[in-house]
Structure formats: C-alpha cells, structure tokens
Amino acid sequence: MTMTMTFTTTHARVAMAISGWLAVAATAAPAASPLRWIPVLLFVCFGPGFALLFPQPGNLRPAARLEALALTAPVSLSLAALVSTSLFLVKGFSGTSFMVSLAAFTTIAALLPGLPLPAATRGAIERSRKPVKRR
C-alpha cells in the first residue's frame, strides 16, 4: 500500500500558524546570528499577509494568484507597522512582544478564510458571461 501526501488547505493554514511561533522561537538565538534574523525577517515580511490572503476558497485564476502574491508583503509590512506603533503608544514595545503579537494575529487569521480578492471576483464575473455569437 502506497501512501501519498497531498498539501491541503488545512496543511497551509497550520504551516502559516506555526511559522509565526517558529519566528518567536528564533528570537532566542544570538542577536547577530542568521538563525535569528532570517526567520524573523521572512515571517514579518510575508507571514501575516499569507495568513490573510491565502488560502482562498476554490482554485484561483492565475491573475488572482499573482494579485494575492503581490499583496502579501505590503499587507504584512502594514500590519507590522500597526502592531509596532500600537505597542509604542502603550509603552509596551519589545522585540518579544512585537513577535508574539504578530504570531498570535497570524494564528487567528490562519483560522479564518482568506480575504476576497478583486481579481478573483472579476474572474468569476467574466466567466459567467455568455460569448457573443458572430455571424
């Protein structure tokens, strides 16, 4: 009997949630170590955006996948700016509190369905139109 493992939506959601906590764990490494800053940088730049924008219900059209991929980093960095500003305003900013806040947000966002994307809905509308017959 052969077992094949397919990457499902559930696997993607679990991977997104775990990525934040792995980045939090990486903060225990020495400050100048690549084992610390590479996972933290990758998570801060892409983790929250992936959790918000992926996975989308159904198969996305190529334009919608490209749109989601292009929006991942700006959404993640915007959320990081909001979290860090909020922590500064309440005088509670630290590297650990910042990372734990982003990891918790990402975990919660991974439990929710992805945000709808304009290209995905536009594609659905375009497919529903009937082609015009020319004579």
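The structure presented is a predicted model; accordingly, all values stated were derived computationally and were not measured.

### Things to note about the overall build of the chain
Then step 1. Across its full length, the chain holds 5 helices and 0 strands.
Then step 2. Along the chain, helices and strands appear, N-terminal first, in the series α-α-α-α-α.
Then step 3. Counting across all 135 residues of the chain, residues that qualify as buried make up 34%.
Then step 4. Across the chain, contacts joining residues at least 24 apart in sequence account for 70% of those joining residues at least 6 apart.
Then step 5. For the chain, the exposed surface amounts to about 9300 Å²; the carbon and sulfur share of it is 71%.

### Examining the packing of helix α2 (residues 34-53) against helix α4 (residues 95-111)
Then step 1. Where α2 meets α4, the axes come as close as 8 Å, and the angle between the chain directions of the two elements is 30 degrees. Between α2 and α4, the angle is such that the two are roughly parallel. By crossing handedness, the relation of α2 to α4 is classed as left-handed. Only Phe98, Met99, Leu102, Ala103, Phe105, Thr106, Ala109 and Ala110 of α4 make contact with α2, whose side of the interface consists of Val40, Phe43, Val44, Gly47, Pro48, Ala51 and Leu52.
Then step 2. Across the contact of α2 with α4, the residue classes tally to 13 nonpolar, 2 polar and no charged.

Criteria and cut-off values
- For every chain, the first residue of the written sequence is number 1, and numbering continues from 1 onward in sequence order.
- At least 70 in pLDDT is required for a residue's local features to be given in this predicted model, at least 80 for side-chain atom pairs to be given and counted, and no such filter applies to totals for whole chains, interfaces and linings, which use all residues.
- Hydrogens and waters are ignored; side-chain quantities use all the structure's heavy atoms.
- Only runs of H or I of at least four residues qualify as helices and only runs of E of at least two qualify as strands under DSSP, and these elements are numbered from the N terminus.
- For every residue, the accessible area (1.4 Å probe, protein chains only) is compared with the maximum for its type, and the residue is labelled buried under 20%, exposed over 50%, or partly exposed between those bounds.
- What makes two residues a contact is simply this: any of their non-hydrogen atoms within 4.5 Å.
- Surface accessibility in these figures is a Shrake-Rupley result with a 1.4 Å probe; residues are shielded only by whichever protein chains are displayed.
- Orientation is described by axes fitted as lines to C-alpha atoms, over the contacting stretch for helices, and by angles from 0 to 180 degrees between their N-to-C directions.
- Reported orientations rely on four angle classes, namely roughly parallel under 35 degrees, roughly antiparallel over 145, roughly perpendicular from 65 to 115, and oblique for the rest.
- Helix crossings fall into two classes, left-handed where the near helix is turned counterclockwise from the far one by less than a right angle and right-handed where it is turned clockwise.
- Side-chain classes follow a simple rule in which Ala, Val, Leu, Ile, Met, Phe, Trp, Tyr, Cys and Pro form the nonpolar group, Asp, Glu, Lys and Arg form the charged group, and the remainder, Gly included, forms the polar group.

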